[in-house]
Amino acid sequence: MNRYSRLYIDGYEDVVRCDNSQLGFSAWIAVHNCWRGPALGGCRVWNYRSDDEALTDVLRLGKGMTYKNALAGLPLGGGKMVVRANLAAIDRTALFTEIGRFVDTLSGRYITAEDVNSSVVDMAVVQQQTRHVATVGASGNPSPFTAYGVYCAIKAGIAHKLKRERLSGLTVAIQGAGETGGRLAELLAGDGCRIIAADINENNLQKLGEKIVFDRVAPESIYDVPCDIFSPCALGATLNRRTIPRLLCQLVAGSANNQLETPEDGLLLHRRSILYAPDYAANAGGVINISCEIGQHYDAAKAKTLTAGIENTLLHIFALSAQRELPPEEIADQLAEEGFSAPCSAS
Ligand code: NAD
C-alpha cells in the first residue's frame, strides 16, 4: 500500500512523497510552478543513496522544467518525479502501477512522461491508473525532436556568431553519439559539416559509422579538437574550469542537461568569446514534442514546426546577450522568469 505525505518547501507549489515498503520504493513529485498550466516533467528512476539525494534531485529538476517549458512558450508549468528504487530487485509492472496511482493523487496538476530509466512501455502501465501521462501511443521517442532542436540552435548560433546561413564546411565536435548526439551528427553531416565524435560506448560509434562518415577521437580528447562548434550530448557538467580553457571552437550547443558545472563557467565561456546556447533552450525539442501529445491528436509535423521555433528563441537570446553584455544563459533565465510570474491557485 502507498503511504502519502506532503512536504512544505519554499518556492514550490506542491511537494509530495509516496512510500511503499511492501514493494520497496519511495517516490517524490515536485510541482515547482504551474502558472502556465499543469506541471510537465518526466519520471526518473534511480537507485539514490539517500532520501535527501532524491529530494534534492526532484527539486532541482522540477524547477528546471519550469524554466524550460516557459522559455519554449509551452502552456505548461514545471515539475518532476523521482523514484528511489532498485530496478534490478523490484517488480517493474507493480512499481509503475503504484507510480500511476501516485500521479493520480495530484488530479492533473502534474503530468508525467518517460525519463531516465522509465520507458514508453512503463508509461503505458502508468496510464492504466491515471490519464495524467504524456507519450503513450503517440510519437514514442522524443530524441529525434531534441536532436532537431539542437540543430536549430546551432543554426541560430552560426547565424549570430559567423553571420552565415549555411552550415556546410563547418566542423562539429560531438561529445556522445547516443540517441540525440548520433541523430544530430546525421543532420549536420547531411548539411555538409565535418563531424568529429567521441563516445565511451564503441557500439554507438559503430552504429553511427553505418550511417555517416566521421572522424573519431578518444573521449578525453574531444575538448582539444579544433572545430567551429562543440556539442555536448552526453553528460552534464562537462563545461567547467578544466575543460573550457581547452576548447577551440566558436559556439557551444548540445543536448546535454546542465552543461555548465557552475554559473561561473558561463562567464568563462563569455569571456573567451565562445557563444553558448543555453542547454535548456537548445534541448527543448523533446518536451515540445511531448507537449503535442497532451490533450490533442498528435501531429508530428506540428511538433517539428514548433521545435524549429528554437532557432528564433536562440536568435533573440543572442541578440539580447550582445545588447545587454550579459551571458546568454542569464538572458535565457530572465526570459523564462518573465513567463511564469505568479503561482496558480490550487485545484
Ligand atoms: P544517450 O544515453 O542515448 O547518449 C549519451 C551518449 O553519451 C552515450 O552514447 C554514452 O555512451 C555517451 N557518453 C557517456 N559519457 C561519455 C563521455 N564521458 N564521453 C563521451 N561520450 C560519453 O542519451 P541521450 O538521450 O542522447 O541524451 C544525452 C543528453 O541529453 C543527456 O544529458 C540527456 O539528459 C539530455 N537530453 C536528452 C533528451 C532526449 O530527448 N533524449 C532531451 C533533453 C535532454
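Note that the structure is predicted; figures quoted are calculated from it, not measured.

Rules used throughout
Residues numbered from 1 in each chain as written. Predicted model: local features only at pLDDT ≥ 70, side-chain atom pairs only at ≥ 80, totals over all residues. Heavy atoms only, no water. pLDDT = per-residue confidence, 0-100. Contact = heavy atoms within 4.5 Å. Buried < 20%, exposed > 50% of the residue type's maximum accessible area, 1.4 Å probe, protein only. Helix = DSSP H or I, 4+ residues; strand = E, 2+ residues; numbered from the N terminus. Pairing = 2+ DSSP bridges. Right-handed = clockwise from strand over helix to strand, strands pointing away. Axes fitted to C-alpha atoms, helices over the stretch in contact; angles between N-to-C directions. Parallel < 35°, antiparallel > 145°, perpendicular 65-115°, else oblique. Left-handed = near helix turned anticlockwise from the far one by under 90°. Nonpolar A, V, L, I, M, F, W, Y, C, P; charged D, E, K, R; others polar. Salt bridge = Lys/Arg side-chain N within 4 Å of Asp/Glu carboxyl O. Near = heavy atom within 4 Å. Polar contact = N/O pair within 3.5 Å; in protein donor to acceptor, adjacent residues only side chain to side chain. Areas by Shrake-Rupley, 256 points an atom, 1.4 Å probe, with all protein chains shown as cover. Patch = residues over 30% accessible without salt bridge, like charges linked within 9 Å, V, L, I, M, F, W, Y side chains within 5 Å. Lys, Arg positive; Asp, Glu negative; His and termini not counted. Charge placed at Lys NZ, Arg CZ, Asp CG, Glu CD. Domains from an automatic or database assignment. Buried area = accessible area lost by both parts, 1.4 Å probe. Phe/Tyr/Trp six-rings, centres within 6.5 Å; stacked < 30°, edge-to-face > 60°.

### Side note on the confidence of the model for the protein
Phase 1 of the analysis: Per-residue pLDDT for the protein averages 95, and the proportion of residues at 70 or more is 97%.
Phase 2 of the analysis: Low pLDDT (under 50) marks residues 343-347, which in the prediction has nine contacts with non-local residues, meaning those over four places away or in another chain.

### Some details on the pairing of strand β9 (residues 194-198)
Phase 1 of the analysis: Judged by how many residues are buried, β9 sits mostly within the fold: four of five residues are covered.
Phase 2 of the analysis: As paired strands, strand β8 (residues 171-175) and β9 are joined by five bridges and run parallel to one another. Bridging across to β9, Q175 finds its partner in A198.
Phase 3 of the analysis: Regarding topology, helix α5 (residues 179-190) serves as the crossover connection from β8 to the parallel β9, and that connection is right-handed.
Phase 4 of the analysis: Pairing between β9 and strand β10 (residues 215-216): two bridges, direction parallel. When the sheet's bridge partners are listed, I196 is paired in β10 with D215.
Phase 5 of the analysis: For the crossover that starts at β9, traverses helix α6 (residues 202-209) and ends in the parallel β10, the hand is right-handed.

### Details of the packing of helix α11 (residues 310-324) against helix α12 (residues 328-338)
Phase 1 of the analysis: It is at 9 Å that the axes of α11 and α12 come closest, and there the two elements cross at 115°. Viewed along their axes, α11 and α12 adopt a mutual orientation that is roughly perpendicular. Relative to α12, the crossing made by α11 is right-handed. Residue-level inspection shows H316, I317, F318, L320, S321 and R324 of α11 in contact with α12, the latter providing P328, I331, A332, Q334 and L335.
Phase 2 of the analysis: Grouping the constituent residues of the contact of α11 with α12 by class yields seven nonpolar, three polar and one charged.

### With respect to the pattern of salt bridges
Phase 1 of the analysis: Counting across every chain of the model gives 19 salt bridges.
Phase 2 of the analysis: Across the salt bridge formed by E13 and R109, the nearest N and O atoms sit 3.4 Å from each other. Taken together, the positions of E13 in the loop between β1 (3-7) and β2 (14-20) and R109 in the loop between α2 (92-104) and β7 (110-111) put the pair 96 residues apart, joining distant regions of the chain.
Phase 3 of the analysis: Linking R17 and D19 is a salt bridge whose minimum nitrogen-to-oxygen distance equals 2.9 Å.

### Quick look at the site of the ligand
Phase 1 of the analysis: The environment of the ligand is made up of 21 residues, and the closest members are T146, E179, T180, D199 and N204.
Phase 2 of the analysis: Between an oxygen atom of the ligand and a side-chain N or O atom of T180, the distance comes to 2.6 Å.
Phase 3 of the analysis: In the model, an oxygen atom of the ligand is placed 2.6 Å from a nitrogen or oxygen of the D199 side chain.
Phase 4 of the analysis: The fraction of the free accessible surface of the ligand (830 Å²) that becomes covered by protein chains is 75%.
Phase 5 of the analysis: For the shell around the ligand, the secondary structure elements donating two or more residues are α4 (143-162) and α5.

### Description of the sheet that holds β10
Phase 1 of the analysis: Taken together, the six strands give an open sheet; going across it, the order is β10-β9-β8-β11-β12-β13, and neighbouring strands pair in parallel fashion. Strands at the two margins of the open sheet, each flanked by one partner only, are β10 and β13 (275-276).
Phase 2 of the analysis: Relative to β8, α5 is tilted by about 170°, and along the sheet it contacts β8, β9 and β11 (229-232).

### Here's the deal with a negative patch on the surface
Phase 1 of the analysis: A cluster of acidic residues, E330, D333, E337 and E338, forms a negative patch at the surface.
Phase 2 of the analysis: Take D333: it is sitting in helix α12.

### So, the domain arrangement of the protein
By convention, interface size is frequently given as the accessible area that disappears when the constituent parts associate.
Phase 1 of the analysis: According to the domain assignment, the protein contains domain 1 (3-127) and domain 2 (143-339).
Phase 2 of the analysis: Computed over C-alpha atoms, the centres of domain 1 and domain 2 are 27 Å apart.
Phase 3 of the analysis: Summing both partners gives a buried area of about 1,400 Å² for domain 1 against domain 2, and 73% of it is carried by carbon and sulfur.
Phase 4 of the analysis: Summed over the three residues of domain 1 that lose the most area to domain 2, namely Y67, K68 and L71, the buried surface amounts to 50% of that side.
Phase 5 of the analysis: At the junction of domain 1 and domain 2, the tally comes to zero salt bridges.
Phase 6 of the analysis: Summed over the shared surface of domain 1 and domain 2, the number is three residue pairs in polar contact (both at pLDDT 80 or more).
Phase 7 of the analysis: Per-element accounting of the side of domain 1 that touches domain 2 gives the leading share, seven residues, to helix α1 (residues 51-71).

### A few points about the environment of V252
Phase 1 of the analysis: Residue placement: V252 occurs in strand β12 (residues 251-252).
Phase 2 of the analysis: V252 sits in the buried class, given a relative accessible area of 0%.
Phase 3 of the analysis: Separated by 74 residues in the primary sequence, V252 and L326 have C-alpha atoms spaced 16 Å apart.

### So, the packing of aromatic side chains
Centre distance and the angle of the planes are the two values used to describe a pair of aromatic rings.
Phase 1 of the analysis: The full count for this structure, using the stated rule, is five aromatic pairs.
Phase 2 of the analysis: Between Y67 and Y280 the ring centres are 6.3 Å apart and the planes differ by 80°, which places this aromatic pair in the edge-to-face class. Placement of the pair is Y67 in helix α1 and Y280 in helix α8 (residues 279-282), with a sequence separation of 213 residues. As far as the burial class goes, Y67 and Y280 line up, both buried.

### Some details on the packing of helix α10 (residues 300-308) against α11
Phase 1 of the analysis: In contact at an axis separation of 4 Å, α10 and α11 are set at 10° when each is read in the N-to-C sense. With respect to α11, the element α10 is oriented roughly parallel. Side by side, α10 and α11 meet where L306, T307 and A308 of the first sit next to I310, E311 and N312 of the second.

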